Amino acid sequence: MNTPQPHDSAMMADDDPGVQARRHQRIAALLLSRYNLRYMVRLYAAFEGDLLLPIVLGEVGLYNVSGLGLDDQSLAAIRCSEDGFGKLPLRPCNAFSISSSTGIPRETVRRKVSHLIQLGWIARDMKGGLTITAKAANLCLEPFDQDNLADFLSTADRVRLIAGPSQDPSTVR
């Protein structure tokens, strides 16, 4: 038998920490969704409407630097000038590994890699290994990264605000 709850009981549910936590999670998810959409629009513009190009480029680049440590010296080397970038011990990868890790068909990856090579953003070594180029790291993506970083940090600050226990989520825009 369903007994209607008194008005006070319904109001108490709003004070329930579990209910508040779920509200905060929904707001955080909305903020992150907005950020992700803006990021995808920036990718769409930066890669002339081909969203597979940044996926392939990103996968190659992240695999390449995966062997580097994340200590201060390695991070400084990653941020280095175009001349120093070629001295980094990048781990080459291949189209098969990119296809396996992304789920993009191997033939599609090969076409995207060819396009990225033509753009000068990926290089192929004598053994067929793929590495990101200094051009991609320094010239092509830097302004995009700066715009994205500012947006990401702003979004992170807003999510942090609603994650605080004393914050009213209705005040977050």
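Here, the structure is the one placed above.
Residues numbered from 1 in each chain as written. Predicted model: local features only at pLDDT ≥ 70, side-chain atom pairs only at ≥ 80, totals over all residues. Heavy atoms only, no water.

Once that is clear, we can look at unusual backbone geometry. Even without a glycine there, the phi angle at Glu48 is positive, about 50 degrees. With respect to the secondary-structure elements, Glu48 resides in the loop between α2 (17-46) and α3 (52-65). (Helix = DSSP H or I, 4+ residues; strand = E, 2+ residues; numbered from the N terminus.)

The subject of this paragraph is the side chain of Thr131. Among the secondary structure elements, Thr131 is positioned in strand β2 (residues 130-132). Take Thr131: its relative accessible area is 18%, and that puts it in the buried class. Residues within four places of Thr131 in sequence aside, it is in contact with Val60, Asn64, Leu90, Pro92, Trp121, Ile122 and Ala123. (Buried < 20%, exposed > 50% of the residue type's maximum accessible area, 1.4 Å probe, protein only. Contact = heavy atoms within 4.5 Å.)

This paragraph deals with the packing of aromatic side chains. For the coordinates displayed, the defined rule picks out 3 aromatic pairs. Ring centres 6.0 Å apart and planes at 15 degrees place the aromatic pair Tyr35 and Tyr39 in the stacked group. Note that Tyr35 and Tyr39 are positioned in helix α2 at a spacing of 4 residues, about one turn of the helix. Between Phe47 and Trp121, the aromatic rings sit 5.3 Å apart at their centres with planes inclined by 85 degrees, giving edge-to-face as the arrangement. Here Phe47 is found in the loop between α2 and α3, whereas its partner Trp121 is found in the loop between α7 (106-119) and β1 (122-124), with 74 residues between them in sequence. For Phe47, a relative accessible area of 6% corresponds to the buried category. Cation over ring: Arg91 sits above Tyr63, and NZ or CZ is 4.4 Å from the ring centre. (Phe/Tyr/Trp six-rings, centres within 6.5 Å; stacked < 30°, edge-to-face > 60°. Lys NZ or Arg CZ within 6 Å of the ring centre and 35° of its normal.)

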